[in-house]
Amino acid sequence: MKIYCPSCRELVQAADVDLAIGWAKCAACQDVFELSSVMPGFPAHSGVVESVVERPFNARAVVEQSRDDLDIFIPRQGFRAGTCALLGFATFWLAFIAFWTAGALGMFGGGAPPQAINIGFAAFSIPFWLVGFGMLGGVAWAAFGTKRLKLDRNEMRTQIQCLLYFRNRTIDRSLVQRARLYVPKIQGQTGNLQDCHGAEIVFEKGSFVVPADDTAEATWLASVINEFLKT
């Protein structure tokens, strides 16, 4: 069965349709929509947390709520065991690549200037340098990254900050749909998705993920957001 985007009527590719959670994303206009809205008989609200859930005792998120405002702040994790392990591996990786690159450039051969063939051979290390710096970026985000979500009657404001990086976004409240448990579609290098948790707020042509440490915290955050959206 072919699925067409309800906003722009473009054909949605199979890779952008997730039957397990009942949502799809249009690559043409970036709209995120429920399959139940375009497929008669498909179960509605898949993956959506409707009832209020009690706050887990170990939740990291800081939630402040009033009648008209909801503020969710996710503080930085700091250097946990997993972060320190990744930092150690990234350091070893970059040190090894630096040694390999120096050898490819002939720096251990008596100080002779590198030849063109040496430079070409050393260029093969560029992807490995990028992987190493990518791991360092992951360490920086885990240790220093923060996220904030603010909802009121008129708009939703999101904020992402990590060291010198800072990004704000404002979305009209009428475009915000609901929150659901975040289900990543791309596996990590280990192929393990169990460490990826969060509450995903879906709005017209996009979504925003509020990270969580475990499924219990993600479920609680999704329930808090959905309860506020009802008002």
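Note that the structure is predicted; figures quoted are calculated from it, not measured.

(A) The arrangement of the nonpolar core in detail. Residues I72, L149, M156, I201, V210, L221 and I225 are the most contacted members of the largest nonpolar core, which totals 26 residues. Looking at this core, the elements that each hand over two or more residues are strand 5 (70-74), strand 6 (146-151), strand 7 (155-162), strand 9 (176-181), strand 10 (197-203), strand 11 (206-212) and helix 4 (215-230). Residue contributions to this core peak at eight residues, all from helix 4. Discounting residues that sit within four places of it in the chain, I72 has contacts with A61, V62, V63, K147, R148, L149, V210, L221 and I225.

(B) A look at the sheet that holds strand 6. Within the open sheet, the five strands sit side by side as 4-5-6-7-8. Their pairing is antiparallel. Both outer strands of the open sheet, strand 4 (62-65) and strand 8 (165-172), are each paired with one neighbouring strand and no more. The average undirected angle you get between the axes of adjacent strands in this sheet is 10°. Relative to strand 8, strand 7 is paired through eight bridges, and the arrangement is antiparallel. Within the sheet, the bridge partner assigned to R157 lies in strand 8 and is T170. Against the sheet, helix 3 (residues 126-144) touches strand 6 and strand 7, its axis set at about 120° to strand 7.

(C) Summary view of the side chain of H197. Mapped onto the secondary structure, H197 falls in strand 10. Within the local environment of H197, its side chain forms a polar contact with the side chain of T215, the two groups lying 3.3 Å apart. For H197, the residues in contact, after removing those within four places along its chain, are P211, A212, D213, D214 and T215.

(D) The arrangement of a nonpolar patch on the surface in detail. Together, L86, F89, F92, F96, W100, F121 and F124 make up an exposed nonpolar region whose accessible area comes to about 750 Å². The element contributing the most residues to the nonpolar patch is helix 1 (residues 81-104), with five residues. Within the secondary structure layout, F121 lies in helix 2 (residues 116-122). For F121, a relative accessible area of 45% translates into the label partly exposed.

(E) Examining the packing of aromatic side chains more closely. Inspection of every chain in the model, using the stated rule, returns four aromatic pairs. Plain terms: the ring middles of W93 and F128 are 6.3 Å apart, the flat faces sit at 40° to each other, and that makes the pair tilted. Remark: F128 occurs in helix 3 and W93 occurs in helix 1; sequence separation between them is 35 residues. Judged by centre distance (5.9 Å) and plane angle (20°), the ring pair of W129 and F133 falls under stacked. Pair noted here: W129 and F133 are both in helix 3, with a separation of four residues, about one helical turn. For F133, a relative accessible area of 48% corresponds to the partly exposed category. Three or more aromatic residues joined by ring pairs form one cluster here, namely F89, W93 and F128. Across the ring face of F208, the terminal group of K147 is positioned such that the distance to the ring centre comes to 4.8 Å.

Definitions and cut-offs
- In this convention, every chain numbers its residues from 1, walking through the sequence in written order.
- For a predicted model such as this one, the threshold for reporting local features is a pLDDT of at least 70, and the threshold for listing and counting side-chain atom pairs is 80 or more; totals across whole chains, interfaces and linings nevertheless cover every residue.
- Computation of side-chain values covers all heavy atoms of the structure but excludes hydrogens and water.
- Here, nonpolar core means buried Ala, Val, Leu, Ile, Met, Phe, Trp, Tyr and Cys residues that are tied together by side-chain atoms lying within 4.5 Å of each other.
- Only protein chains enter the accessibility calculation, which uses a 1.4 Å probe. A residue is then buried if its area is under 20% of the maximum for its type, exposed if over 50%, and partly exposed in between.
- Helix numbering and strand numbering both begin at the N terminus, where a helix is a DSSP run of H or I of at least 4 residues and a strand a DSSP run of E of at least 2.
- Any two residues whose heavy atoms approach within 4.5 Å at even a single point are treated as in contact.
- In short, DSSP must find at least two bridges between two strands for them to pair.
- A fitted line through C-alpha atoms represents every axis, and for helices the fit uses only the stretch in contact; the resulting angles, taken between N-to-C directions, go from 0 to 180 degrees.
- By the criterion applied in these results, polar contacts are pairs of N or O atoms within 3.5 Å in which, for protein atoms, one can donate a hydrogen and the other can accept it, and in which residues neighboring in sequence qualify only through two side-chain atoms.
- Like-charged residues within 9 Å of one another, or nonpolar side chains (Val, Leu, Ile, Met, Phe, Trp, Tyr) within 5 Å, are grouped into patches, provided each residue has over 30% relative accessible area and no salt bridge.
- Areas reported as accessible are Shrake-Rupley estimates using a 1.4 Å probe. Residue values count occlusion only from the protein chains shown.
- Each salt bridge in this description consists of a side-chain nitrogen of Lys or Arg and a carboxyl oxygen of Asp or Glu lying within 4 Å of one another.
- Here a pair means two rings of Phe, Tyr or Trp (six-membered ring of Trp) with centres within 6.5 Å. Their orientation is stacked below 30 degrees between planes, edge-to-face above 60, and tilted elsewhere.
- Put simply, a charge is over a ring when the Lys NZ or the Arg CZ is close to the ring centre, within 6 Å, and near the line of the ring normal, within 35 degrees.

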